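# Summary of the model geometry
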Amino acid sequence: AIVSNSQGDYDNALIAHQAALPLLTEAYGSDHRHTARSYFNMATLHRKLGQYKQALTSLEEARRIYTMLYGEEHAVLASCFNNFGNIYDDQSDYASALQAYRQSLAINQKIEGEESMEVAENYNNLGFTYYQLGALEQARYYQDKSLTIRQQLLGAYHPRIANSYHNLAEVSAAAGEMEQALIYHQQALHNKFTNFRDSDLTSLPNWDVHTVAGSHIELLEILFAKARTWQKCFEQSDDVTDLAAALSTYKSCDQLIDRMRREYTSDESVLFLLSQTVPIYEGALEVVFALQAATPEVDQTEQAFHFMEKSKSVLLLSSLKENQARMAANIPQNLLAKENAMRVDLAYQQRKLAERELEWGVGDSIAQKHGLQLLEQRQKYREFIARLEAVYPTYVQKKYNTEVVPLET
C-alpha cells in the first residue's frame, strides 16, 4: 500500500489497506490504534480517489477510536481534523475546512509547538483554503509561515518545501505577479528533484538525468501550474516566447504522464490518471492554437494532432499497446490464455468487492475477505506479467512505446 501510494497508484493502495484491516482487527481488536490507523489510511486514499462519502465514514471511525484511546487532545486527533479539512476543501466546503484546520492547529500548537512540521502543514492548508476563497493576502501570510517553518526543519531542499512554493506560485499568479509566480514554480521544481537546480525560468528537468523526489502526481501538478502561468504571461505580454515556454512545459508534462502510466498496474488507476491529465492536454492544445494564430508561418498541425491523440489515449493506449505487444512478442497461446483468465478473474473479484461494499459497507467481514482475495490475485497477476516481460523483451518494448502515429500516416 505504501509503495503503490508513493507511485500515485491509489486504487491499488486502497485495496491493500482494505486487505490489511481484517488482519489488524483480528490481531488487535476493533478499537486498537493499529485498526484506527488502517481506517485513517483508507480515508486518505478514498479522498485522493474523489470518494468523499467513504473518506468521511472511514475518517470518522478512526477519530472515534483515537478519541476513545487518547482523549480530545492528541497528535493523531490533530491529524484527523487536518484530513477532515482536506476532504471539505475538495468539496468546496471552505467554512468547514477552515474550522477543521483550526481545530488541528490548536492541538498541534499545544502538543508539538509552533515550529513543528505539523503546524507548518496546518498553515499550508489554511493558506490554500484562503486562496480558494480569493483572500490572497491571508493565503500568502499562511503560506509564508508554512515555508519558513519547513525550511528551518528540513533544510534547503525537500519535497514538502516544493508544496509551499507551489502554493505561493498559485497565489502570486492569482494576484497578477507572473514573474514572481514563475520564480516560485522553479523553486518548487528544485525541491521535487535531488539534482535539478537550474534557475533559468524556462529550464525544465531532463527525465534521463534528474531524479524525482516524492510523488509524481504532485510533480505533475507543479509542471501544469507552471505551464498555465506561462499562458497567463502571454495574455499580459503578447510575447510569443511565453507561448513557446508554455508549450515546452506541456511537453514535459506529457513525458511525465508516459512515465507514470508505465508504473500503474490497475485499470482503475490508469482511469484516475486520465481524469487528471485531460485538462493538461486541453491546455497544451490551447497553446498550440495560440501559437498558430500568433505565428501563422509556422505550421502547428502536427503538434495539435499529437496532443489531441494523447488526450484520448491514456486509457485506450494502454489496452491497445498490450494487445499489439502480445502479438509482436509471439507469446505462446497457452500463456496468453492464462493471462486472459487472470484478467477475467481480477475483474470478477473487483466486481464482487464493489457489490458487497455498496450493500454492506467497507467494514463488512465478507467485503474484507473479497478485498484480500483481490489483493492476492493482483499480486499473482503482477508476478506473471513480470515473468512475461523477462522472457519476452519485445513485449516490454512494444507495450511501453507511447509514440503517436504521425499525422501524414
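An account of the accompanying structure is given in this report.

Let us now look at the environment of Ala 347. Here Ala 347 lies in helix H16 (residues 333-360). Under the relative-accessibility criterion, Ala 347 is labelled partly exposed at 44%. Separated by 27 residues in the primary sequence, Ala 347 and Leu 374 have C-alpha atoms spaced 9.1 Å apart.

The next point concerns helix H14 (residues 301-311). Think of an α-helix as turning once every 3.6 residues; residues three or four places apart then point the same way. Among all positions of H14, only Ala 304, Phe 307, Lys 310 and Ser 311 are buried. Down the axis, H14 shows its buried residues gathered within 135 degrees of arc, on one side only.

This part covers the packing of aromatic side chains. A full pass over the atoms with the stated rule returns 11 aromatic pairs. Ring geometry for Phe 84 and Tyr 88: centres 6.4 Å apart, planes at 20 degrees, overall stacked. Taken together, the residues span about one helical turn, with Phe 84 and Tyr 88 both in helix H5 (residues 75-90) at a distance of 4 residues. Members of the aromatic cluster, connected to one another through ring pairs, are Tyr 123, Tyr 130, Tyr 141 and Tyr 142.

Our next topic: helix H7 (residues 117-132). The first and last C-alpha atoms of H7 sit 23 Å apart over 16 residues, in line with the 22 Å expected at 1.5 Å per residue. What H7 keeps buried is the set Met 117, Val 119, Ala 120, Asn 122, Tyr 123, Asn 124, Asn 125, Leu 126, Gly 127, Thr 129 and Tyr 130. Of the surrounding secondary structure, the elements contacted by the buried residues of H7 are H5, helix H6 (94-111), helix H8 (136-154) and helix H9 (159-174). At the C-terminal side of H7, Gly 134 shows a positive phi close to 85 degrees.

Turning to unusual backbone geometry, a few remarks are in order. At Ser 92, a position not held by glycine, the phi torsion is positive, near 65 degrees. For Ser 92, the location among the structural elements is in the loop between H5 and H6. Looking at Ser 92, the relative accessible area reads 47%, which means it is partly exposed. One non-glycine residue with positive phi stands out, namely Asp 238, at about 60 degrees.

Applying the stated criterion across every chain yields a total of 12 salt bridges. With a closest N to O distance of 3.0 Å, Glu 170 and Arg 228 form a salt bridge. Linking Glu 170 in helix H9 with Arg 228 in helix H11 (residues 216-237), this pair joins segments that are 58 residues apart in sequence. Given a relative accessible area of 28%, Arg 228 falls into the partly exposed group. Across the pair Lys 310 and Asp 254 runs a salt bridge whose closest N-O atoms are separated by 2.7 Å. With Lys 310 in helix H14 and Asp 254 in helix H12 (residues 240-263), this residue pair connects regions lying 56 residues apart in the sequence. Exposure class is identical for Lys 310 and Asp 254. Each is buried. Linked by salt bridges that have partners in common, Asp 31, Glu 61 and Arg 64 make up one network.

One way to put it is that H7 packs onto H9 with a least axis distance of 11 Å and a crossing angle of 20 degrees. One element, H7, and the other, H9, form an angle in the roughly parallel class. The interaxial crossing formed by H7 with H9 has left-handed handedness. Here Met 117, Asn 124, Phe 128 and Tyr 131 of H7 lie close against H9, whose contacting residues are Arg 160, Asn 163, Ser 164, Asn 167, Glu 170, Val 171 and Ala 174. Grouping the constituent residues of the contact of H7 with H9 by class yields 5 nonpolar, 4 polar and 2 charged.

In this section: the environment of Asn 108. Relative to the elements of secondary structure, Asn 108 occurs in helix H6. Separated by 12 residues in the primary sequence, Asn 108 and Ala 120 have C-alpha atoms spaced 9.8 Å apart. Sequence-distant contacts of Asn 108, defined by excluding residues within four places in its chain, comprise Ala 78, Gly 113, Glu 118, Val 119 and Asn 122.

Thresholds, definitions, all that
For every chain, the first residue of the written sequence is number 1, and numbering continues from 1 along that sequence. It should be noted that, the model being predicted, local features are given only for residues of pLDDT at least 70 and side-chain atom pairs only at 80 or more, the latter also being counted only at that level, while totals for whole chains, interfaces and linings use all residues. The side-chain values count all of the structure's non-hydrogen atoms but skip hydrogen atoms and water molecules. Helix numbering and strand numbering both begin at the N terminus, where a helix is a DSSP run of H or I of at least 4 residues and a strand a DSSP run of E of at least 2. Any residue under 20% of the maximum accessible area for its type is buried, any over 50% is exposed, and the rest in between are partly exposed; the area is computed with a 1.4 Å probe on protein chains only. Along the arc lie the directions from the helix axis toward the C-beta atoms. Ring pairs are drawn from Phe, Tyr and Trp, using the six-membered ring of Trp, whenever the two centres fall within 6.5 Å, and their geometry is named by plane angle: stacked under 30 degrees, edge-to-face over 60, tilted for the rest. What a helix is expected to span follows from its residue count: subtract one and scale by 1.5 Å. Contacts are residue-level and defined by heavy atoms, with any inter-residue pair within 4.5 Å sufficient. Salt bridge, as used here: a side-chain nitrogen of Lys or Arg that lies within 4 Å of a carboxyl oxygen of Asp or Glu. Lines fitted to the C-alpha atoms define the axes, with helices restricted to the stretch that makes contact. Angles between their N-to-C directions range from 0 to 180 degrees. Reported orientations rely on four angle classes, namely roughly parallel under 35 degrees, roughly antiparallel over 145, roughly perpendicular from 65 to 115, and oblique for the rest. Crossing handedness is defined as follows: a turn of the near helix away from the far one that is anticlockwise and smaller than a right angle gives a left-handed crossing, while the clockwise case is right-handed. Each residue gets one label: Ala, Val, Leu, Ile, Met, Phe, Trp, Tyr, Cys and Pro are nonpolar, Asp, Glu, Lys and Arg are charged, and the others, such as Gly, are polar.

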